[in-house]
Structure formats: C-alpha cells, structure tokens
Amino acid sequence: MPAVTVEFTENLAIITIDNPPINATSHAVRSRLVDALADIGQNSAVNAIILSCHGKTFIAGADIGEFNQPARDPLLPDVILALEALPIPIIAALHGTVLGGGLEVALGCHYRIASATTRLGFPEVNLGLIPGAGGTVRAPRLIGAENAISLIANGKPISAATALDWGLIDEITPADNDLLAAAIAFANRVSSLPCPPALATATATVTSHRPANIDWESLIAQTAQRARGAVAPVIAVKTVRENLGLPADQALAHERQQFVALRDGEQSRALRHIFMAEKNVAKLPVTRDITPTDLATIGIIGGGLMGAGIATACLLAGYDVVMIERDEAALASGHENVSRHLQSSLKRGIISPSRFDQLLAKLTGSTDYATLAPTGLVIEAVFEDFAVKKDVFASIAATVGSDTIIASNTSYLDINALACSVSSPERVIGLHFFSPAHIMKLLEVVCTDGANPQTLATALSFARKLGKIAVPTGVCDGFIGNRIMSAYRKQCEYMIEDGAYPEQIDAAMTDFGFPMGLFAMQDMAGLEISWKTRQRQAATRDPAERYVALGDYLCEQGRFGRKTGRGWFIYDDAKSPPRPDPDVTRLIEQESARKGIKRRPFDQTEIINAIISAMQREGDKILQEGIAQTADAIDVVMINGYGFPRFRGGPMFMKRNQASSA
Ligand code: T1G
C-alpha cells in the first residue's frame, strides 16, 4: 500500500513517498501528500521541508493505469499548487528517473537537488500525452521555452549535469546515498531566506521571464515531420507556445484542456496499450515461480553480421563472451566487427573510453569449441542452413554441460528438429535477434516443444538483461513477425498484379505512419532474401494458392534492390531515395496482361486496409495455433520489429477497436 511518511528533525520536515515500483503519483499518494502538508502546517517549528522518495527512483510519473478511470481529487495539478503555495521552502531531493508528473512535482517545489546519476524528463509524448500538471507552464518559466520544448516534444530525459546547466535543478550531489544529507544542508541554508517566487505565479507570463526567439512555424513543421502522424509532439509545441503569452492560471487551464483531450484520444490509448503490453508480454504463468539460471559467460558461434551484433549486445549487458569461429581469419574479422560496434557505442556516448577497453577485454575468441566449457548459454549465429546448424549444435553439445542452454538465432528453420539432434533437448531455445542485434529492441524467444520452464525463464531473463523486449513465440515458419510480414507482402503483391504500383503501396504505408514502405524496405534488405524464402517454400506451396512471380523476375534480372541500384525502384546513388522505374511498371503491366488480369485503380484507403487486414488475419491464425500467447504479443512484435506505427497500437489493437466501434 503506498505510504507517505513525515519525519520531523530539528526545524525540518522530511516527507518520504514509498509507492513501489516507481513512486507513481497514484490517488493514494496524492491524498497522503496533501495530508502530510496539512500535518506539517500544524507544526510552527518547521521552517523548511524536504520531499524525497524511497526505492530506486523519485516519482517517475503519474500512474498510467489511472488514466482509464475517472480522475479523482486531489488532482496532481492541485497538489502541485499546494506545494507551490507553501509559506516555507520545500526542497525536492531527486534520484533515479524523475519523469512526467514526477518532474512536475519537483517544479512545484521551491528548490531541486539531484544525485549525479539522476535523469529528468517529460516522456508524456511517448504515451500520446503532454505534461498535464504544469510542465508546459513551469518548465519554460524556469529553463526557457527552447529547452522546455526540447524536453517536452522529444520525450527524452536529460542528465543531472544538463539539468543543472539549464537551471532545472539547483545542486548535484555525487551519489544517491548522500542525497538526504545534502538536502538537509541545503534546506538549512535556505530556511531563513524568503521563498523564491512560485514558477506559476498567476500574473507573470514567461515573456517577462525568458523571451523565446523561436521560429514557431518551422519548429511545428519539423516536429510534425518527425512525428510521422503522432499528434502529441505537435500539440506539445503548440501548447508551450500558447502558454508563453498567458498568465499562469490561464496557461495551466489551457494545458489541462489539451492534456485531457489527448488522454481520451485514440493515439494515447494506443500508446498506453503498447507501453503496458511491452511490460507484460514476457510474463508467462509457466515461468512465474522460476528463478532464472544465473549466466556469466555467453558463447557465440559466428562473428558475422548477427554473431558480432549479439556478442556486442552481451558485452554491453556486462556478460563475458566467448566467440567461436571456424578459423583465425574469421575470428579476427569477428573481433573487428565487435570492436566496430563498440566504437559506435563510444561515439554515441553510450559507453566511456575506459568502458570500451573493459568490454573488449571481456571478449575471448577461439576456434576450439572446448573454450565454451564455462558458458551457461551458447547462441549459434551461423549460416542459415539446417545441416550447418545441426553440426554446430552437435559440436556445442559435445563440449558444454547438459544444463548449458543451446540457442539458435535462426529466423525460420525448425528449431524443434535442431533440439532433437542434441542430448537434453529441454535446454534448447530459439533467440531470434533482429539486425542490428545490438540495437534492435525486439527479440523473439522461440519456445521449442521440449524447452523446460527453466530454459524459458533463463532465456527471458537474459533478454531483459540485454535491454530487449522479449516476445515468447512458438515454432512455425517465420515465428510471429516474419510470418505476418510474409502474409501482408503477398497481399501487396496481389494488389500490384491487380492494378496498384509499388510506389502507391509504399506511399499508403508511409502516410499511415510506417517509416518505409514494404517495397522500399525489401529493396533495402535485398530482394534475394524473400526470393530464397519463396524458393524454400516452393516445394510445400499450395498449387491452388495465387502466386506472384514479379519478385522472382526482378531477381532473375539481377535487380536485388538498393545494393544493385535497381530493385522494385531505381536508386541513382547509395543515398538517393527510391524512384519509380518505368521498366518495372512495364513488367508489372505485362504480367497482369499475361495472367488475364484487368488492372483497376486502387486508392490509399483500400491499400492500407488490405495490408492491415492481412496482418490481422495472420495474427488470428497465429493466436489460434498458440504461436503467440496473446494478441498483445503480436502488436509488440509488429511495432518493435516491423515499423508498425506505435501511435496506432498494433494490428490486433486496431482490430479490437474496429470491433468495439462497429
Ligand atoms: N504507471 C504505472 N506503472 C508503471 C509506470 C507508470 N507511469 N511506469 C512503469 N510502471 C510499472 C511497469 O509496468 C512495471 O510494472 C514496473 O513499473 C517497473 O517498470 C501527469 C501525465 C520509470 C524508467 O512515462 O519509463 O506522468 O512489471 O520494468 O526498467 O503530466 O518504467 O513491475 O508489474 O519499466 O526500471 C510519465 C514510464 C507518465 C514513465 C523504470 N512517466 N516508465 O524503468 O522498470 S504520464 C512515464 C518508465 C505523466 C503527468 C503525465 C520506466 C522507468 P511490473 P519497468 P525500469
């Protein structure tokens, strides 16, 4: 049960919020905080207050679960006004991730001090919202409109150092464990001073505080372009702009109105759905009471594109890695691949130079499988050929303990068959990473028929430690994501034969919010990949099923996509955007004629509806076959691995909504 306690020490009152796991400002916390302020008001000896939180973080936001219920007093904006109206200074002692409503509470305090590792931000746009408790009013008044907008519209947190530089906080303490002492010292220093003016003073407008010389029209245009159809970032910029010229009380009312409209809108419901779906997708009844095996060293077979990416992800997560390759040259290449990935992490500031050296030192390379002996998990990422993988599995099983988990990174081969080829098949699992493996968040954890709960629980825990969004899936051709993509790719190819053109289909997808259309994406990945898939499936293809050979014709002409300058589209150079190719248009029209198809016009609505319906039909089959445990799992896969626009919630979320609004 959430707790808000008050401790009186000398002339200070220390309020501590304890609402695990993230100290969300749930109704109980808001009520108890108001009660605590009332109690303190009764004690005339108190001349300063400290607001702190127990656990791993200061308040990290409102309780998302409450947004689907009627709001209950005291609302957070009112609690913050009460903080701001205190006649004595209140100091927020910040640690962990001070996000959303948490940062708004901190802005309602007179002062803010933070430990060095604290991160602060307004992630509301990631939930289809804007700050709804004064963030768009107080932040510009404190740190200026430009910095406030970059926090609010981008939804990305900043470090304590940046926050200090911007004036968002007043002091930094070296570490969490001396935060309270520092807050007490700070409080004693300011307790005799007059309280600083409340940020949201009813009369002042921010022009009197911090003039904003922003080119609003281009900022709004850039924000809209980056948002690709999501509305919250644009509303965020517009709300800050509108609030700059309003007295604080009117600005707070305007912000609340914008927040409520977004909260009750379709996009925020979709974004809150996917946020919670990602948190819950890997929580399986079968692993609930299992303690995952503790892993320290991970074996990776193969140092190529996938192997090196997986090895890098393991190193970044703190594991030791043993990389096995067939010979010294391949090993050197694998090591170089990992080093290059770590270099890019260094350049992006994800790791420090000293950390770079430490991580690379945790990578051991060998051509001898015996080196795998100390590993608790071995992942093969070798050539996508069953016989090759079967040999690799045998070599692994011959050198590791019977409880060492053996995983395959295959994207479509039958992992059940691979499991049967080694002893203790219950320790075999699929770990389908998405390239680049150290960047992409999605990881399909493929549960073989024989995998035991210990293997599954350990694989899911390993995925979490890598920072992945792990989605459990059953064994079938393409698991969840590739199987659904194969289904809507077929639908798009049918439409191409029936009258649409690749550029039309891609435009319909990007207008819907996909970062890239299917045909441009296939050109980027290489048309030979799906060509190989079709060749592999040819033997088992239903002869009665409609088959579109256009992709085969392109590959037979050596048109593999961007890498050859031509695929579905023309590419004038490596950086140029896809351009429709008259030769492809002619090829398509000739194929339609050869098949006796009378081509007809397609509009964007029909195209996108056909694509989404194809995803939903395949998703239903995947659920019926038990390949996915929940419809949410399908949404999580399509959004995190296949560019499905996040603000749409996923194909199955859309299906539920279509059903409820029908
Ligand atoms: N509400 C309810 N539950 C939440 C939650 C939230 N805001 N955030 C996390 N949880 C749950 C999560 O489902 C999981 O549950 C557990 O906490 C640990 O989460 C008024 C309107 C804070 C960086 O968007 O970014 O404030 O699995 O696994 O990796 O203007 O959680 O234990 O049952 O992610 O350590 C703004 C979202 C809200 C923050 C911690 N705040 N959360 O990461 O743990 S809107 C956010 C996060 C708002 C105001 C507006 C992360 C984290 P379970 P976790 P973590």
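Small disclaimer: the values here were computed from a predicted structure and weren't measured.

**Q** Lay out the packing of aromatic side chains in plain terms, naming residues and giving numbers.
**A** One pass over the full model with this rule turns up nine aromatic pairs. Over the ring of Tyr 501 we find Arg 599, and its NZ or CZ is 4.5 Å from the ring centre.

**Q** Break down the pairing of strand β13 (residues 377-380) for me, with residues and values.
**A** Covered by surrounding structure in β13 are Leu 377 and Ile 379 together with Val 378 and Glu 380, the residues of both alternating faces. Bridging between strand β10 (residues 297-301) and β13 involves four bridges; their strand directions are parallel. Each residue of the ladder has a partner; that of Ile 301, found in β13, is Glu 380. Of the strand pairs in this sheet, β13 and strand β14 (residues 405-408) are connected by four bridges, and their pairing is parallel. Counterpart to Ile 379 in the pairing with β14 is Ala 407.

**Q** Before we move on, can you summarise the sheet that holds strand β17 (residues 469-473) with the specific residues and values?
**A** Pairing is mixed across the open sheet formed by eight strands, whose spatial order is β12-β11-β10-β13-β14-β15-β16-β17. Because the sheet does not close on itself, it has two edges, and the strands there are β12 (363-366) and β17. This sheet shows a mean twist of 25° between the axes of neighbouring strands, independent of strand direction. Note: β10 against strand β11 (residues 320-324), five bridges, orientation parallel. Bridge assignment links Ile 298 to a residue of β11, and that residue is Val 321.

**Q** Describe in detail the site of the ligand, supporting the description with residues and values.
**A** For the ligand, the set of nearby residues contains 25 residues, the closest of which are Lys 56, Ala 62, Glu 104, Lys 279 and Lys 283. For the ligand, an oxygen atom lies 2.7 Å from a polar atom in the side chain of Lys 56. Between Glu 104 and the ligand, the recorded distance is 2.5 Å, taken from a side-chain N or O atom to an oxygen atom. Protein burial of the ligand: of its 990 Å² of free accessible surface, 72% is covered by the chains. Mapped by element, the contributors of at least two residues to the shell around the ligand are α3 (101-108) and α12 (266-280). Top element by residues in the shell around the ligand is α12. It accounts for three residues. When its residues are assigned to classes, the shell around the ligand shows 14 nonpolar, five polar and six charged.

**Q** Which residues make up the environment of Met 1, and what are the values?
**A** Mapped onto the elements of the fold, Met 1 is located in the segment before β1 (3-9). When sequence neighbours within four positions are dropped, the list of residues in contact with Met 1 reads Asp 18 and Arg 32.

**Q** Mind laying out the packing of helix α14 (residues 328-347) against helix α15 (residues 353-361), listing which residues take part and the relevant values?
**A** Running from N to C, α14 and α15 point in directions that differ by 160°, and their axes come no closer than 10 Å. By the angle class used here, α14 and α15 are roughly antiparallel. Relative to α15, the crossing made by α14 is right-handed. Taking contact as the criterion, the partners of His 335, Val 338, Ser 339, Leu 342, Gln 343 and Leu 346 in α14 are, on α15, Pro 353, Phe 356, Leu 359 and Leu 360. When grouped by side-chain class, the residues that make up the contact of α14 with α15 number seven nonpolar, three polar and no charged.

**Q** Tell me what's going on with empty space enclosed by the protein, and back it up with residues and numbers.
**A** Throughout the structure, instances matching the rule amount to one cavity of 30 Å³ or more. The calculated volume of the largest cavity comes to roughly 30 Å³. For the lining of the largest cavity, the secondary-structure elements that each account for two or more residues are α22 (527-538) and α23 (550-556). In terms of residue class, the lining of the largest cavity is built from three nonpolar, three polar and two charged.

**Q** Break down the pattern of salt bridges for me, citing the residues and quoting the values.
**A** Across all of its chains, the model carries 31 salt bridges by this definition. The partner of Arg 269 in a salt bridge is Glu 266, with the nearest N and O atoms 3.9 Å apart. Residue Arg 269 and its partner Glu 266 are both found in helix α12; the two are separated by three residues, about one turn of the helix. Sharing partners across several salt bridges, the network here consists of Arg 559, Arg 566, Asp 581, Asp 583 and Arg 586.

**Q** An account of the nonpolar core is requested, with residue identities and associated values reported.
**A** Ile 15, Ile 49, Leu 51, Phe 58, Leu 94, Leu 120 and Leu 168 are the most contacted members of the largest nonpolar core, which has 68 residues in total. Counting residues in each nonpolar core, the second largest holds 59 residues, with Cys 555, Val 584, Ile 607 and Tyr 642 among its members.

**Q** Before we move on, can you summarise the confidence of the model for the chain with the specific residues and values?
**A** In this model, the chain carries an average pLDDT of 94, and 98% of its residues clear a pLDDT of 70 or more. ipTM for the predicted complex: 0.97, alongside a pTM of 0.93.

**Q** Provide a residue-level description of unusual backbone geometry, including the pertinent values.
**A** In this chain, Pro 20 is followed by Pro 21 through a cis amide linkage whose omega measures 5°. Tracing the backbone shows Pro 21 in the loop between β2 (12-18) and α1 (27-41). Of note, the amide linkage connecting Asp 73 to Pro 74 takes the cis form, showing an omega dihedral of -5°. Along the polypeptide, Pro 74 turns up in the loop between β3 (48-53) and α2 (76-84). The phi dihedral of Arg 228 is positive, around 45°, even though this residue is not glycine. Looking at the secondary structure, you find Arg 228 in the loop between α9 (216-227) and α10 (232-244). For Phe 479, which is not a glycine, the phi torsion comes out positive at approximately 50°. Tracing the chain through its elements places Phe 479 in the loop between β17 and α19 (481-498). Relative accessible area serves as the criterion here: at 0%, Phe 479 is assigned to the buried category.

About the thresholds
- Residues numbered from 1 in each chain as written.
- Predicted model: local features only at pLDDT ≥ 70, side-chain atom pairs only at ≥ 80, totals over all residues.
- Heavy atoms only, no water.
- Phe/Tyr/Trp six-rings, centres within 6.5 Å; stacked < 30°, edge-to-face > 60°.
- Lys NZ or Arg CZ within 6 Å of the ring centre and 35° of its normal.
- Buried < 20%, exposed > 50% of the residue type's maximum accessible area, 1.4 Å probe, protein only.
- Helix = DSSP H or I, 4+ residues; strand = E, 2+ residues; numbered from the N terminus.
- Pairing = 2+ DSSP bridges.
- Axes fitted to C-alpha atoms, helices over the stretch in contact; angles between N-to-C directions.
- Near = heavy atom within 4 Å.
- Polar contact = N/O pair within 3.5 Å; in protein donor to acceptor, adjacent residues only side chain to side chain.
- Areas by Shrake-Rupley, 256 points an atom, 1.4 Å probe, with all protein chains shown as cover.
- Nonpolar A, V, L, I, M, F, W, Y, C, P; charged D, E, K, R; others polar.
- Contact = heavy atoms within 4.5 Å.
- Parallel < 35°, antiparallel > 145°, perpendicular 65-115°, else oblique.
- Left-handed = near helix turned anticlockwise from the far one by under 90°.
- 1 Å grid on protein atoms, 1.4 Å probe; cavity = no way out; pocket = protein on both sides within 12 Å on 5 of 7 lines; lining within 4 Å.
- Points joined across faces, edges and corners; volume = space filled by probe spheres on them.
- Salt bridge = Lys/Arg side-chain N within 4 Å of Asp/Glu carboxyl O.
- Core = buried A, V, L, I, M, F, W, Y, C linked by side-chain atoms within 4.5 Å.
- pLDDT = per-residue confidence, 0-100.

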